[in-house]
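Each chain is listed here by its residues.
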Amino acid sequence: MAGRIVCFGELLLRLTAPGRELLMQTPRLDVVVGGAEANVGIGLANLGHSVSMVSAVPDNALGRAAVQFVRSQGADTSGVQYRDGRMGLYFLTQGAGLRASDIVYDRADSAFAKAPADAFDWTALLSGATMLHLSGITPALGPATAQAALQAARAAKELGVAISFDGNYRARLWEAWDSDPRAVLTELVSLADTMFGNHRDVSLLLGKTFSGDGADRRREAAEAAFAAFPNLKRIASTARHVDDADRHRIAARVDTPERGYQTEEVVVAGIIDRIGGGDAYAAGILHGVLSGQDLEATVASGLALTCLKHSLPGDASLFRQADIDAFLEGGLDVRR
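Residues numbered from 1 in each chain as written. Predicted model: local features only at pLDDT ≥ 70, side-chain atom pairs only at ≥ 80, totals over all residues. Heavy atoms only, no water.

Comments concerning a nonpolar patch on the surface
Link 1 in the chain: A cluster of nonpolar residues, L23, M24 and V104, forms a patch on the protein surface that exposes about 240 Å² of accessible area.
Link 2 in the chain: Summarising the element assignment, M24 is placed in the loop between β2 (12–16) and β3 (30–34). (Patch = residues over 30% accessible without salt bridge, like charges linked within 9 Å, V, L, I, M, F, W, Y side chains within 5 Å. Areas by Shrake-Rupley, 256 points an atom, 1.4 Å probe, with all protein chains shown as cover. Salt bridge = Lys/Arg side-chain N within 4 Å of Asp/Glu carboxyl O. Helix = DSSP H or I, 4+ residues; strand = E, 2+ residues; numbered from the N terminus.)

Here is the structure:
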């Protein structure tokens, strides 16, 4: 496998109503560790890659449990700091039938959000790294984390470390402070080699709309992004059609400056948990890139991992290469 991947972002605890109940329908919540960047790192670690997590958590039972979980999945956590503040939380009500899932965030003044931008020594943290993975959630949390994300990306560029960036635009987070999301995200994308996003993300960055439909619209947006951001080597996205909470149809796509490739839709039925599906897709695509797979095989790895994630409770993908291989071979019977 290629060298170490550094993932920078907030570790969260997810508190979920049991089964498919409404939040607080009964006084019990199930707890798992989450966070977009950590989910990608855990997915990659389970696929055999060397992963380091950089974050900040409170020095209490909640923060220590989150760090222990990430470590238990094979990721290095020596870059996670213990700082003043609280643990970031979010609450999930799982969807059912024609009722969509619903999320309530509770992450203001977390240890990560309060950490000053200069708390992270990026020259040391990126030493020997092959790739830095960031998402648009980190800069959306506030001015300190926005500066930290920019400093991380600038340091990676200076050190020759490839940058993977997932747009993950969260309007409510940006609107909570005096922010300029287009300016921050534009600089991050300009430094990135790989971008996870679709035509809507490109529209936000470039201030223009794309009039095509389906694959044609995504290609039009990709070509505009490659023209605006010449450092970009690939743009990856999924197309999801939701029939109901239990049945989605998902296609995977990657565009390069030369061409785009999109799979046929796969029907994902009997969904257990869709949260983290996009992060699993990112892990699958990066796995393909880091493993030297061609474009078609890379897209297949991303599609396999996002589809498999829908079968697994929790935020992160815990699947191995053998699981991807079995999915792509179409084997649904018991493996003995």
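Focus on the side chain of H248
Link 1 in the chain: With respect to the helices, strands and loops of the structure, H248 is situated in strand β12 (residues 247–255).
Link 2 in the chain: A distance of 2.8 Å separates the side chain of H248 from the side chain of R240, its partner in a polar contact.
Link 3 in the chain: Non-local contacts of H248, meaning those with residues more than four positions away in its chain, are made with R240, H241, V242, V266, V267, V268, I271, R274 and H310. (Polar contact = N/O pair within 3.5 Å; in protein donor to acceptor, adjacent residues only side chain to side chain. Contact = heavy atoms within 4.5 Å.)

Digging into helix α13 (residues 321–329)
Link 1 in the chain: Of the positions making up α13, those classed as buried are D323, I324 and A326. Projected onto a plane normal to the axis of α13, the buried residues spread over an arc of 165 degrees and lie on a single side.
Link 2 in the chain: Those residues of α13 that are buried lie in contact with α11 (277–290) and α12 (295–309). (Buried < 20%, exposed > 50% of the residue type's maximum accessible area, 1.4 Å probe, protein only. Arc of directions from axis to C-beta.)

Concerning the packing of aromatic side chains
Link 1 in the chain: If you walk through the whole model with that rule in mind, you get 7 aromatic pairs.
Link 2 in the chain: When the centroid spacing of 4.8 Å and the interplanar angle of 80 degrees are considered together, the rings of F8 and W122 count as edge-to-face. Here F8, found in strand β1 (residues 4–8), pairs with W122, found in helix α4 (residues 122–125); they are 114 residues apart in sequence, far enough to count as distant.
Link 3 in the chain: Among the residues examined, F8 registers a relative accessible area of 0% and is labelled buried.
Link 4 in the chain: Using a relative accessible area of 4% as the deciding quantity, one classes W122 as buried.
Link 5 in the chain: Relative to Y105, the ring of Y90 has its centre 5.8 Å away and its plane inclined at 45 degrees; by these criteria the two rings are tilted. Of this pair, Y90 sits in strand β6 (residues 88–93) while Y105 sits in strand β7 (residues 102–106), and the two are 15 residues apart along the sequence. (Phe/Tyr/Trp six-rings, centres within 6.5 Å; stacked < 30°, edge-to-face > 60°.)

Note that all results are geometric; they support no functional claim without further evidence.
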